[in-house]
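In case you want the letters, here they are:
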Amino acid sequence: MPGIYYFAYLTDKVYEGGMARNYAFFIRFKSITKNIYHVYNKNKIRRVLFFFRAVLLMTFAREKKIFLHQGSILILFPISLFGFKFFIKVFFFFLKYVSKKNKLFIEVNDLPHEQAIDLQLEVKKEYIIFEDLIYSLKDTNYIFASNFMRDFVCSKYKIDLSFTQVLINGGPRLIAENAMIHDVFKQTNKIKIIYAGSLNEGRNIRDLISLFEKKNDLFLILIGTDGNWLKDCSLSDNIFYLGNFEEHEAHKIAS
């Protein structure tokens, strides 16, 4: 469809849920439009070129459907710039202009400010400013990764639900013969519980571990990003940290 512009934010490999979600969108958009524009590259010069291409395309677009990942926006307009009043005004004017001339969709897989609080990360005022600007846009459509996220944003910013959608994270179907039996799974016939996702301590992983330490009849297997701190923990015999894997490998293990 020539009327769709999709601005993709992809990395070389997928190690966490947000990027896995981006790839799922990318695969879908590849089947419906040729107008796919990447915003990220390891090479800083290429990234600057991607920035100018994206801005020019959106500036001159008319009556198009423009799809932006929240991550794509933050690659084009780094969060550090939201500490400058002049930039804030230019950024907001630009997105208002784009949404007025086109049908703008913003895909939201996380709320940076709220996520930083939950994960006990540094809480930056720039994230508050960014969210206030993004959700103050009129006639803009939002696609959220969860119902609770949508309900929170719509309640806080008085957004009409008709301008929102929810698309829950999922994974591609796994062909049975591609499943991979890790050695840990062969050790016992006990029920095995696997956690596949980010392992920041702020996600209450310590509480999860404490719970399973009291459940010797169960096995807990942990895989995902940000779990190196687990290597220094004295885990009980029924709890295992296997490390971090690309999406397709994690999918095989979990299946």
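Residues numbered from 1 in each chain as written. Predicted model: local features only at pLDDT ≥ 70, side-chain atom pairs only at ≥ 80, totals over all residues. Heavy atoms only, no water.

Brief notes about the environment of Ile 194
The topology assignment puts Ile 194 in strand S7 (residues 191-196). Measuring from C-alpha to C-alpha, the distance between Ile 194 and Ile 223 comes to 7.7 Å, with 29 residues separating the pair along the chain. (Helix = DSSP H or I, 4+ residues; strand = E, 2+ residues; numbered from the N terminus.)

Examining the packing of aromatic side chains
Here the structure, examined in full by the defined rule, presents 24 aromatic pairs. Ring geometry for Phe 91 and Phe 130: centres 6.5 Å apart, planes at 40°, overall tilted. Linking Phe 91 in helix H4 (residues 85-101) with Phe 130 in helix H6 (residues 125-134), this pair joins segments that are 39 residues apart in sequence. The pair formed by Phe 91 and Phe 130 is uniform in burial state, with each residue classed as buried. Centre to centre, the rings of Phe 93 and Tyr 97 are 6.4 Å apart; their planes meet at 20°, and the pair counts as stacked. A residue pair is termed a helical-turn pair when its members lie 3 or 4 positions apart in one helix, as Phe 93 and Tyr 97 do in helix H4 at four residues. According to the relative accessible area criterion, Tyr 97 is partly exposed, its value standing at 26%. Through a chain of ring-to-ring contacts, the aromatic side chains of Phe 51, Phe 52, Phe 77, Phe 82, Phe 87, Phe 91, Phe 94 and Phe 130 assemble into a single cluster. (Phe/Tyr/Trp six-rings, centres within 6.5 Å; stacked < 30°, edge-to-face > 60°. Buried < 20%, exposed > 50% of the residue type's maximum accessible area, 1.4 Å probe, protein only.)

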